[in-house]
Amino acid sequence: MSKIFIKKDRERMWQSGHPWMYSGAVEKIEGNPEAGSVIEVYNWKKEFIGYGHYNKNSKIMVRMLEKDINKKIDLNWYSEKVKEAYTLREMININSNGYRLIHSESDSLPGVIVDRFGDYLVVQASTLGMEKDKEFLIEALKKEIPNLKGIYEKSEGDGRKLEGLPEVSGVLFGEVPNEIEIFEGEAKFTIDLKGQKTGFYSDQRDNRILMGSLSKDKDFLDVCSYTGGFSLHAMVNGANSSTLIDVSEDVLNVARKNLIKYENVEFIKGNIFNVLRDLVKEGRQWDVVNLDPPKLAPNRRDLDKALKAYKDIILNGIKLTKKGGLLSIYSCSGAVTSADLRMALAYAVKDAGVKAVIVNQLHQSPCHPISVAVPETEYLKGFLIRII
């Protein structure tokens, strides 16, 4: 097996639990390792510090996997990691059969996301190493997850491009229907397993349940509604009405199916920046406004532009919220910190000429655990505020 030697003190992040080794940390390479293969990693004293996936074409040259020299990165190793991830989800009160089963670095499987929807799994592999080891991963999932009927792969996104990988999708095991029904608390959803991302955003589950519980007898505005998760929880909890806004007609069609039995539901297709401004001009207002924009800052270079966009969205959201009403704002951009979002919120409140208090800070659901050593695993943040 090929070896990589790390420069002095560059192993400290890994010793603390962070698995990324950047190319600048590498002193030398012995052998001719194949991209995506498992290699041995040593510190500057030539002491073994672990095994990792190697990719010379990535800024993250090594993604560390294991510290124990006596272990092999094989089917048994993957089965152990999958079992640990499944055990954690069984321990916490998820209140749904749709959840994140494996959350990459948080579950010691960097470059892997697996979402569970009933008896089906949707897998994303974003690194070359995990692409090479995909057979181990799939066999481990089949072995450790009970009552499994099918596995669908949807490996897409910027991560694969950075690793030099094409986007791929398709059935990896069993038979996978286009749509299934899952439950989340008292709500039931139709999920398109082959749709956007892995089919459903389970990171917002707790926030959907919270916002629904606050919506009884209220008029609810759902901005960037996707397939209607927040609106369905609002209507299940007795909201008077719900208005959904999204740029995609396809996801609005799924939302229509999810909300088909409810009256007083309005669907608006369009760019949210334009639609919100138009609604403000029309003088419309709601009791509860939920703002869940897509990722606006893929990296720190986009931060300033993104914060201006967040401020614009929040400002118009405030204008659409009745006095005494509630507004929630989220950011799923890893480059945007909670402090960044709070600053955008503060500027928007000031420009709107209102007073507001933060009622609750919002986070990703616990099926998306946050690694203490890997701050990048905490990406979803938000605020629930009351307009005074």
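In the annotation of an unreviewed UniProt entry, the entry for the protein chain reads PUA domain-containing protein, and the organism field reads Cetobacterium somerae ATCC BAA-474. Its UniProt record gives the protein chain the following Sequence similarities (unreviewed entry) comment, quoted word for word: "Belongs to the methyltransferase superfamily. RlmI family."

A. How the structure looks around the overall build of the protein chain. A count of helices and strands for the protein chain gives eleven helices and 20 strands. On C-alpha atoms alone, the protein chain measures out to a radius of gyration of 22 Å, which is about the 21 Å that the 2.2 N^0.38 rule sets for 388 residues. Principal-axis analysis of the C-alpha atoms gives the protein chain an extent of 70 × 45 × 35 Å. Put simply, the protein chain has 388 residues, and 53% of those count as buried.

B. Highlighting empty space enclosed by the protein. A full pass over the atoms with the stated rule returns one cavity of 30 Å³ or more. By volume, the largest cavity is sized at about 50 Å³. Considering the residues around the largest cavity, the lining is formed by His-53, Tyr-54, Asn-55, Ile-60, Met-61, Arg-63, Thr-127, Leu-128, Gly-129 and Glu-163. Looking at the lining of the largest cavity, the elements that each hand over two or more residues are strand S5 (48–54), strand S6 (60–66) and helix H3 (128–132). Looking at the lining of the largest cavity, the element that brings in the most residues is S6, giving three residues. Here the lining of the largest cavity is composed, by residue class, of four nonpolar, four polar and two charged.

C. Examining the environment of Leu-193 more closely. Within the secondary structure layout, Leu-193 lies in the loop between strand S13 (187–192) and helix H6 (205–213). When the C-alpha positions of Leu-193 and Ile-180 are compared, they lie 7.5 Å apart, and in sequence the two are 13 residues distant.

D. Local environment of the pattern of salt bridges. Overall, the coordinates contain 23 salt bridges when judged by the stated rule. A salt bridge links Arg-89 to Asp-107; its shortest N-O distance comes to 2.8 Å. In this pair, Arg-89 sits in helix H2 (residues 75–91) while Asp-107 sits in the loop between strand S7 (98–103) and strand S8 (112–117), placing the two residues 18 residues apart along the sequence. Glu-153 is paired through a salt bridge with Lys-134; the nearest N and O atoms lie 2.7 Å apart. Of this pair, Glu-153 sits in strand S10 (residues 150–155) while Lys-134 sits in helix H4 (residues 134–144); the two residues are 19 residues apart in sequence, bridging distant segments of the chain. Take Glu-153: its relative accessible area is 5%, and that puts it in the buried class. Owing to a relative accessible area of 13%, Lys-134 belongs among the buried residues under this scheme. One salt-bridge network, in which partners are shared between bridges, spans Glu-131, Lys-134, Glu-153 and Arg-160.

E. Spotlight on the side chain of Ser-104. Its place among the elements puts Ser-104 in the loop between S7 and S8. On the accessibility criterion, Ser-104 (12% relative accessible area) is buried. In terms of polar contacts, Ser-104 uses its side chain to reach the side chain of Glu-105, at 3.0 Å. In this structure, Ser-104 is in contact with Leu-109, Pro-110, Gly-111 and Val-112, ignoring residues within four places of it in sequence.

F. Structural context of the state of the cysteines. Summed over the entire model, instances satisfying the criterion amount to zero disulfides. With no disulfide of its own, Cys-224 has Cys-332 as its nearest cysteine by sulfur position, at a separation of 9.5 Å. Cys-332 gets classed as partly exposed once you look at its relative accessible area, which sits at 21%.

Scoring rules and cut-offs
Residues numbered from 1 in each chain as written. Predicted model: local features only at pLDDT ≥ 70, side-chain atom pairs only at ≥ 80, totals over all residues. Heavy atoms only, no water. UniProt positions renumbered as here; feature names shortened; annotations may be inferred. Helix = DSSP H or I, 4+ residues; strand = E, 2+ residues; numbered from the N terminus. Rg over C-alpha atoms; globule rule 2.2 N^0.38 Å. Buried < 20%, exposed > 50% of the residue type's maximum accessible area, 1.4 Å probe, protein only. 1 Å grid on protein atoms, 1.4 Å probe; cavity = no way out; pocket = protein on both sides within 12 Å on 5 of 7 lines; lining within 4 Å. Points joined across faces, edges and corners; volume = space filled by probe spheres on them. Nonpolar A, V, L, I, M, F, W, Y, C, P; charged D, E, K, R; others polar. Salt bridge = Lys/Arg side-chain N within 4 Å of Asp/Glu carboxyl O. Polar contact = N/O pair within 3.5 Å; in protein donor to acceptor, adjacent residues only side chain to side chain. Contact = heavy atoms within 4.5 Å. Disulfide = S-S within 2.5 Å.

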